[in-house]
Amino acid sequence: MFEQIGNIYAIVLNLIGLVVCLFRYIDKPRRSWVYVTAFLLATLLSDYYWGAYSLLMGDGPNVSSYIAYVGDNLSPIPLILLLLHIRSDGEKKFFSPLSLLPVPLTAYQFTIYIQFGGLFNNIWQCLFSTIIIVLSLNSVIYYFKNRKNGAKIPYVAHILFAYVFFEYAMWTSSCYDWPNEWLNPYNYANLLVFFALIALPWAVIKMHGDKIIGSKSRTSTKRMGALFKPIYLIVSIGICFGGYFMGMSIRDTLDSAIERDLESDVNVYSIIHNELFMFSFILVAFSVAIIFIVYFAHNTLENSKLREEKTIAENSNAAKSEFLASMSHEIRTPINAVLGMNEMILRDSLRSRDKLPEDKDELRDIFVDIANYSGNIESAGKNLLSIINDILDFSKIEAGKMEIVDGDYKLSSVLNDVSNMIYYRAKSKELKFIVDVDKELPDGLHGDEVHVRQAVVNILNNAVKYTDNGFVKLTVRGKKELDSLNGYWINLIFEVADTGIGIREEDIGKLFEKFERVDLKQNKSVEGTGLGLAITRNLLEMMGGTVSVKSKYGSGSTFTISIPQKITSGEAVGDFKEKFERGMEKAKAYEGGFEAPDAKILVVDDTKLNLAVVKGLLKATKLQIDTAERGAESVKMAKDTQYDVIFMDQRMPEMDGSKALSLIREQGGVNKNTPIICLTADAVVGARERYIAEGFSDYLTKPIDRHALEKTLIEYIPEEKVIYSE
C-alpha cells in the first residue's frame, strides 16, 4: 500500500514540476529550465513506467527492469549541467576541501549496494551522485563564506544536496530487512526524494529572482503560452491516464484469454511493460518537441527584434551624425558673423578716429555702419544662444529634469510677448504677421506660463523660418469645460498657418522626432537644430496637450496645438488685435527701466570682459558698481564694504564661487545676509537647483540677459533705493 501511494505521489509531483518548467520556459526561455525539464523527463521515464506497472500488476517489474533504470541513469547529467550553469563568477574560482566530505559516504554506500545491483549501474549512479553532492556542498560553503559580500542564496544547491542525501538513505536502507513497510526508512526517504521534483523548479525560480506566480511576457510570448499550455496539460494528463487504462484493458483481455487457454504462451509482463514504456516515451518526445518549437519561435522573434533594433539604431546614428554635422554648421555660422562683424567694427572705429570734425557726414555714415554691424552681431549671438538653449532644453527633457511649474498668469501677457517677438522676426523677412484672438477668451489662467509661451514661440519660429513670402498667421481659440472637482477649464487652441514651403506627406511623421530635419536638400539654408519641434511635443505632453500638423508640399502648413489650462478669472482678453497694433505703433528703443544711484553692488568674475559687459548693461541705472577678479579678493572686499547685492561667478581659479560664498557667510560682518547671486555659464541640467542648494540666493546664466539682470536687481535691492523711470 505504501509503495502504491509513493508511486502515485511520484508521478503527480513529476507532472506538476514538468508543467511548471515547461510553462516557465514558454514564458521566458532559459537554459536552466531546459536542464530541469530534462531531469524531470528522465525521471518520468522510469517513474511512470515503474509506477503504472506496479499499479496494474500489483508488483514491481521483474523482467527487463533495465528499462526502468534508463531514466534514473540519465537524470544526474542535466543536474550536473544545471549546477555548473548557475554558478556565479566568484564561485567558479572557489573550491573548498570540505566539499569532499561526502566522498567516503558514497564509497561506503557503493560497497553495501553492489551486491544487490549491476556493477555498471552502481558505478554510474555513485559517480554522478558524488559529483552532484560535491558541487552542491561547494556552493553552500561559498555562500556562507561570502554572504556578507552579497553572495546569493544557492537554492538549487540546497535542494540537490538534500536530494542526493535522501537518495543515499533510501538505497542504503533498501539493503536491509525491516519488519514491515511502515517501519522501512526506504519509503519515507523515497517520498522526500520525490519532493525534489517540485522543489527544484521552485529553487530555479528563486535563483533567477522571478515571481513565484505569474509573469509579464511580451504579446507574442503570451500567444505562444495560450497555445501550448492547455495543449500540454491535456496531452500529458491524457497520456498518463490513457497508458494506464489501455494497460488495464490489455491486462484484462490477456488474462481472460489465458484463462480460456487461447493464448497460454502470452507474456503479459512483456506486452504491458513495452506499452507503458512507449507511452512514457511519447510524453518525453512531446515535451522535447515543445521545447524545440518554443526555442526556434523565440529565436525567430529575437532575430526579428534584433533586426528591427539594428535598423532603428542605424537610423538613429545617421540622424545623430546629421545632427552633429548640422550643429557644426549652425554654431560656426553665427560665430563667423560675430567675429566678422566685430572686425568691421574695429576697422571703422579706427578709421573714424582719424577723421576731422568737418567730415561729419562721413563720420555719420561710419557710425551707421557700426550700428548695423552691432545689430548683426546681436542677431548672430541670439541665434547661437537659441541653438545652445535647444540642446540644453532637450537634455533636461531626456534626463527627466524638465519640470512643469504651474501658477496664475494673464493670457494677454503671453500673447503680447509672443506677438512682439515674432512680429520683428517676420518683419525682417518682409512677411505679414497676422494675429487673430477670440475676444471672449478668459484672460486669467493657471498653468505653466513659461512653457506655454515656449511651445507657441517654437511653432511660430518654425513657421517664420520656412516661409519666404506671404504671411504667418496666429489664431487663438478655446473650448471651455467644467470639471466637477477643479472648476472651469479651457482647452486653448493655437493654430499657426503659413504660406511656406510645406512638408511632404512622407516626412510629416518625422517632424517631431529628435535630431530630425526633413527635406534637407530644400532646406539646407534654413538655420536650426532640428530639436525645436521635438521639445515642443515633449513640453505639450508634459502639460497634457497635443500637437498636430496639416501641410501641402509647396503651399504651406498649419500647426495646431492644444493646451488645457484652468480658468482663474472671468475677465476676457478683449480686442487683442487692436491692442497689439497700437502697441507696435508706440514701440520705442529701450532706455532702461529704473535708476538706483544710492545702491551698491559687487560683481565678481575672473574675466575682465565679463565685468565690462555687466557694467555696460547697468550704466543707465547709475548703480555704484565694484568689481573683483578673484574669489579671495571678493571675500576681503565683502568684509569691510556693505553691498546691496553680490553677483558671484562660479568657476574661478584658486577659489570658486561656492567657496567664496561660504567664506563671506562664515566671516560675518556687514554682508552676512546680503543676497549673493550665482552668475555663471553653467546651464546644464540641475545647475540651478545645485547652486541654490549650496546657499546662493538666486541664479542667472551667461550670456547675461539685460531684462533678467534688471528684474533680479529690482527684486533684491531695497525698495527705497529704486527710482522707476516714467
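Residues numbered from 1 in each chain as written. Predicted model: local features only at pLDDT ≥ 70, side-chain atom pairs only at ≥ 80, totals over all residues. Heavy atoms only, no water.

Trainee: How would you sum up the overall build of the protein? Please name residues and give values.
Mentor: What the protein contains, in helices and strands, is 21 helices and 14 strands. Here the protein holds 726 residues, and the buried ones make up 42% of them. Accessible area for the protein stands at about 39,100 Å²; split by element, carbon and sulfur atoms hold 57% of it. (Helix = DSSP H or I, 4+ residues; strand = E, 2+ residues; numbered from the N terminus. Buried < 20%, exposed > 50% of the residue type's maximum accessible area, 1.4 Å probe, protein only. Areas by Shrake-Rupley, 256 points an atom, 1.4 Å probe, with all protein chains shown as cover.)

Trainee: Break down the nonpolar core for me, citing the residues and quoting the values.
Mentor: Ranked by size, the top nonpolar core spans 53 residues in total, and within it Val156, Leu160, Tyr163 and Leu200 carry the most contacts. Mapped onto this core, the elements with two or more residues apiece are α1 (2-27), α2 (31-57), α4 (76-85), α7 (119-146), α8 (155-173), α9 (185-208), α10 (219-259) and α11 (268-353). Setting aside residues no more than four positions away along its own chain, leucine 200 makes contact with Val36, Phe39, Leu79, Leu82, Val156, Ile159 and Leu160. (Core = buried A, V, L, I, M, F, W, Y, C linked by side-chain atoms within 4.5 Å. Contact = heavy atoms within 4.5 Å.)

Trainee: Can you break down a nonpolar patch on the surface residue by residue, with the values?
Mentor: Taken together, the side chains of Val70, Leu74, Ile77, Leu81 and Leu84 make up a nonpolar region of the molecular surface, amounting to roughly 350 Å² of accessible area. Mapped onto the elements, valine 70 comes out in helix α3 (residues 66-74). (Patch = residues over 30% accessible without salt bridge, like charges linked within 9 Å, V, L, I, M, F, W, Y side chains within 5 Å. Salt bridge = Lys/Arg side-chain N within 4 Å of Asp/Glu carboxyl O.)

Trainee: Would you mind going over the side chain of threonine 536 in detail, with residue names and values included?
Mentor: Secondary-structure assignment places threonine 536 in helix α15 (residues 532-542). Accessibility expressed as a relative area gives 0% for threonine 536, which makes it buried. Excluding residues that lie within four positions of it along the chain, threonine 536 makes contacts with Ala455, Asn458 and Ile459.

Trainee: Talk me through the packing of α7 against α8; I want residue IDs and the actual numbers.
Mentor: Where α7 contacts α8, the axes come no closer than 8 Å and their chain directions differ by 140°. By the angle between their directions, the pair α7 and α8 is classed as oblique. The two elements α7 and α8 cross, and the hand of that crossing is left-handed. Here α7 contributes Ser129, Thr130, Ile132, Ile133, Ser136, Leu137, Ser139 and Val140 to the contact with α8, which in turn contributes Ala157, His158, Leu160, Phe161, Val164, Phe165, Glu167 and Tyr168. Residue classes in the contact of α7 with α8 are distributed as 10 nonpolar, five polar and one charged. (Axes fitted to C-alpha atoms, helices over the stretch in contact; angles between N-to-C directions. Parallel < 35°, antiparallel > 145°, perpendicular 65-115°, else oblique. Left-handed = near helix turned anticlockwise from the far one by under 90°. Nonpolar A, V, L, I, M, F, W, Y, C, P; charged D, E, K, R; others polar.)

Trainee: An account of the packing of helix α13 (residues 411-428) against helix α14 (residues 449-465) is requested, with residue identities and associated values reported.
Mentor: Contact pair α13 / α14: the axes reach a minimum separation of 10 Å and the direction vectors enclose 25°. Here α14 runs roughly parallel to α13, going by the angle between their axes. Between α13 and α14 lies a crossing whose hand is right-handed. Together, Ser413, Val414, Asp417, Val418, Met421, Ile422, Arg425 and Ala426 of α13 and Glu449, Arg453, Val456, Val457, Leu460, Asn461 and Val464 of α14 make up the contact between the two elements. Of the residues belonging to the contact of α13 with α14, the class tally is nine nonpolar, two polar and four charged.

Trainee: For the packing of aromatic side chains, give the residues involved together with the corresponding values.
Mentor: Counted under the stated rule, the structure contains seven aromatic pairs. Ring plane angle 85° and centroid distance 5.5 Å describe the contact between tyrosine 155 and tryptophan 202, whose orientation is recorded as edge-to-face. Here the residue tyrosine 155 occupies a position in helix α8, and tryptophan 202 occupies one in helix α9, the gap between them amounting to 47 residues. A centroid spacing of 5.5 Å and a plane angle of 75° characterise the contact between phenylalanine 165 and phenylalanine 166, whose relative ring orientation is edge-to-face. Among the residues examined, phenylalanine 165 registers a relative accessible area of 41% and is labelled partly exposed. Aromatic rings pair up to connect Tyr691, Phe696 and Tyr699 into one cluster. In this structure, arginine 690 is placed above the aromatic ring of tyrosine 691, and the distance from its NZ or CZ to the ring centre is 4.9 Å. (Phe/Tyr/Trp six-rings, centres within 6.5 Å; stacked < 30°, edge-to-face > 60°. Lys NZ or Arg CZ within 6 Å of the ring centre and 35° of its normal.)

Trainee: Lay out the pattern of salt bridges in plain terms, naming residues and giving numbers.
Mentor: Scanning all chains against the criterion turns up 10 salt bridges. Notably, a salt bridge pairs lysine 92 with aspartate 89, separated by 4.0 Å at the nearest N-O pair. Of the two residues, lysine 92 and aspartate 89 are both situated in helix α5 (residues 89-92); the distance of three residues between them amounts to about one turn of the helix. On the basis of relative accessibility, which here comes to 46%, the residue lysine 92 falls in the partly exposed class. A salt bridge links lysine 429 to aspartate 468, with the nearest nitrogen and oxygen atoms 3.5 Å apart. Placement of the pair is lysine 429 in the loop between α13 and β2 (432-437) and aspartate 468 in the loop between α14 and β4 (471-483), with a sequence separation of 39 residues. Through salt bridges with shared partners, a single ionic network connects Asp605, Asp649 and Lys702.

Trainee: How would you explain the sheet that holds strand β13 (residues 698-701) if you had to name every residue and give the values?
Mentor: The five strands are arranged β10-β9-β11-β12-β13 in an open sheet whose pairing can be described as parallel. Single-partner strands in this sheet number two, and they are β10 (624-628) and β13. Along the sheet, successive strands turn relative to each other by an average axial angle of 20°, direction set aside. Pairing geometry for strand β11 (residues 645-648) and strand β12 (residues 676-680), over three bridges, is parallel. Residue pairing for β12: phenylalanine 647 is matched across the bridge by isoleucine 677. Together, β11 and β12 form the strand contacts of helix α19 (residues 657-667), whose direction differs from that of β11 by roughly 150°. (Pairing = 2+ DSSP bridges.)

Trainee: Help me get a handle on the environment of alanine 632, residues and values and all.
Mentor: In this structure, alanine 632 sits in helix α18 (residues 631-640). A relative accessible area of 43% means that alanine 632 is categorised as partly exposed. When the C-alpha atoms of alanine 632 and alanine 660 are compared, they prove to be 6.7 Å apart, with 28 residues separating the residues in sequence.

Trainee: Got a sec to walk through unusual backbone geometry? Specific residues and values, please.
Mentor: In the Ramachandran plot, glutamate 430 falls in the positive-phi region, its phi being about 60° despite a non-glycine side chain. Considering the arrangement of structural elements, one finds glutamate 430 in the loop between α13 and β2. Judged by relative accessible area, glutamate 430 falls into the exposed class, the value being 73%. At glutamate 654, a residue that is not glycine, the phi angle is positive and equals roughly 70°. Relative to the helices and strands, glutamate 654 resides in the loop between β11 and α19.

Trainee: So what's going on with the environment of isoleucine 133? Which residues, and what values?
Mentor: You can see isoleucine 133 is positioned in helix α7. The exposure class assigned to isoleucine 133 is buried, which follows from its relative accessible area of 2%. Sequence-wise, isoleucine 133 and leucine 160 are 27 residues apart; in three dimensions their C-alpha atoms are separated by 7.1 Å. Discounting residues that sit within four places of it in the chain, isoleucine 133 has contacts with Pro102, Phe161, Val164, Phe165 and Tyr168.

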